[in-house]
Amino acid sequence: MWPFFEKHGVSEKDYFKLIPLKNYHFPLHFHRAFEIIYVKDGQLSITIDGKSYQVQKNDLVFIFPNQMHEFETIDFSEIMVILFSTELIGDFHMNYKSFIPTDNVLHAVNEPDCTKLDSIYSQKSFLYGVCAQLICQTSFAPVKQSPQTKVLYKILLFVEQNYSADCTLKAVAKHLQYDYPYLSKLFVQLMKMPFTDYLNHYRISQACYILKNSNLTIGEVANLCGYSNLRSFHRNFQKITHQSPKGYRVSNPPDKEMN
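Cut-offs and rules
- Residues numbered from 1 in each chain as written.
- Predicted model: local features only at pLDDT ≥ 70, side-chain atom pairs only at ≥ 80, totals over all residues.
- Heavy atoms only, no water.
- 1 Å grid on protein atoms, 1.4 Å probe; cavity = no way out; pocket = protein on both sides within 12 Å on 5 of 7 lines; lining within 4 Å.
- Points joined across faces, edges and corners; volume = space filled by probe spheres on them.
- Helix = DSSP H or I, 4+ residues; strand = E, 2+ residues; numbered from the N terminus.
- Nonpolar A, V, L, I, M, F, W, Y, C, P; charged D, E, K, R; others polar.
- Buried < 20%, exposed > 50% of the residue type's maximum accessible area, 1.4 Å probe, protein only.
- Polar contact = N/O pair within 3.5 Å; in protein donor to acceptor, adjacent residues only side chain to side chain.
- Contact = heavy atoms within 4.5 Å.
- Pairing = 2+ DSSP bridges.
- Phe/Tyr/Trp six-rings, centres within 6.5 Å; stacked < 30°, edge-to-face > 60°.
- Expected span 1.5 Å × (residues − 1).
- Arc of directions from axis to C-beta.
- Core = buried A, V, L, I, M, F, W, Y, C linked by side-chain atoms within 4.5 Å.

A.B. asks: Could you clarify how one ought to interpret the layout of surface pockets in this entry?
C.D. replies: In this approach a probe as big as a water molecule rolls over the atoms, and the regions it shows empty are the leftover space. For the largest pocket, the calculated volume is near 1100 Å³. Every residue lining the largest pocket is counted, 46 residues in all, and those nearest its centre are Pro 27, Leu 28, Thr 47, Glu 70 and Phe 71. Looking at which element gives the most residues to the lining of the largest pocket, the answer is strand 6 (residues 69-84), with five residues. Tallied by class, the residues present in the lining of the largest pocket amount to 24 nonpolar, 16 polar and six charged.

Take a look at the structure:
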């Protein structure tokens, strides 16, 4: 699958993925994997479970499974996203799986040397080091989810699984067996935007990643991201990124593969 933010479940027990990104943004989402965002340069605005952070060079953000989060570049950013399965830090996960950090942001003394994270042993050593720093620098609170938040999780998961096809709030309502007007009102209340706006942001974010990391045509990218109408794809892409798809691809050449 193209989306670099994996599906809600991570099947590989030793899943560990390094993803370099520049000037990127990603709308609100969640996943089963742990996520670390290391800021190599620039600034990001990150929101995690409704709490906002502004992070900069050498900051490290540790996001727990199922924490809803989004991030957006402030002027310029160069980051490294690290996604990894809960099994890689099994002891830590077992002790803290019912908790979340009260502060998700750490400051790295030294930039992680990602070129050395090429074995499961070096990966675990690095990850447990970050866990130890987190334990020392913050406290933890029990996970609390309101019934409304649980419904929102289901909506976002539906988008993640169906954004490339027929993905409407009416389809969500039918799938979840909820009243459409209720879901529409709930979504705007919790997300501060209509469902269609969120869907377009999600699709365009996925399109940006595919444009940067493949040689597919613009039309093929549009189709993969749920746009059967190329004009609509161009219009939404321009509106959200302030660039054309072609312009984005030219100004964002692929990074060297890191894994």
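A.B. asks: I tried to follow the side chain of Ser 77 on my own but got confused; where do I start?
C.D. replies: Along the chain, Ser 77 turns up in strand 6. The buried category is assigned to Ser 77, whose relative accessible area is 0%. Within the structure, Ser 77 has its side chain in polar contact with the side chain of Thr 73 (distance 2.6 Å). Here Ser 77 is in contact with Leu 21, Lys 22, Asn 23, Tyr 24, Asp 41, Gly 42, Gln 43 and Leu 44, once residues within four sequence places are set aside.

A.B. asks: Any chance you could explain the environment of Tyr 182 here in plain terms?
C.D. replies: By the element assignment, Tyr 182 lies in helix 5 (residues 180-191). Taking the C-alpha atoms as reference, Tyr 182 lies 29 Å from Phe 64; in sequence the two are 118 residues apart.

A.B. asks: It is not clear to me how the pairing of strand 5 (residues 59-63) should be interpreted in this structure. Could you clarify?
C.D. replies: Residues in a regular strand project their side chains so that they alternate between the two faces of the sheet. A large share of strand 5 lies buried, amounting to five of its five residues. Residues Asp 59, Val 61 and Ile 63 point to one face of strand 5 and Leu 60 and Phe 62 to the other, with burial holding for every one of them. As paired elements, strand 3 (residues 34-48) and strand 5 share four bridges and run antiparallel to each other. Looking at the pairing, Ile 36 lines up with Phe 62 of strand 5. Taken together, the three bridges between strand 5 and strand 8 (residues 105-107) define a ladder with antiparallel strand orientation.

A.B. asks: In this structure, what is going on with the packing of aromatic side chains? I would like to understand it.
C.D. replies: According to the stated counting rule, one finds 21 aromatic pairs in the structure shown. Ring geometry for Phe 34 against Phe 92: centres 6.3 Å apart, planes inclined by 55°, an arrangement best described as tilted. Within this pair, whereas Phe 34 is found in strand 3, its partner Phe 92 is found in helix 1 (residues 90-96), the two being separated by 58 residues in sequence. Overall, Phe 92 belongs to the buried group, its relative accessible area being 4%. Each ring, one from Phe 64 and one from Phe 140, has its centre 6.3 Å from the other, and the planes form 40°; the classification is tilted. Taken together, the residues span a long stretch of sequence, with Phe 64 in the loop between strand 5 and strand 6 and Phe 140 in strand 9 (residues 140-142) at a distance of 76 residues. When sorted by exposure, Phe 64 lands in the same class as Phe 140, which is buried.

A.B. asks: Please explain helix 5 as it appears in this structure.
C.D. replies: In an α-helix, one turn spans 3.6 residues, which is why side chains three or four residues apart end up on the same side. Between its first and last C-alpha, helix 5 extends 16 Å over twelve residues, near the 16 Å set by a 1.5 Å rise per residue. What helix 5 keeps buried is the set Leu 183, Leu 186, Phe 187 and Met 191. Down the axis of helix 5, the buried side of the element spans an arc of 100°, and every buried residue falls inside it. For helix 5, the exposed residues lying more than 90 degrees away from the buried face are Pro 181 and Lys 185.

A.B. asks: What exactly am I supposed to notice about the nonpolar core here?
C.D. replies: One broad rule of soluble globular proteins: the nonpolar side chains tend to lie buried together. In terms of nonpolar packing, the biggest core is built from 59 residues, with Ile 37, Phe 71, Phe 195 and Phe 233 touching the most fellow members. Considering each element in turn, this core owes the most residues, ten residues, to helix 6 (residues 195-213). Residues contacting Phe 195, with those up to four places away along its chain left out, are Ile 155, Val 159, Cys 167, Thr 168, Leu 169, Val 172 and Phe 187. In this structure, Ile 36, Phe 62, Phe 92 and Leu 106 belong to the second largest nonpolar core, which totals 24 residues.

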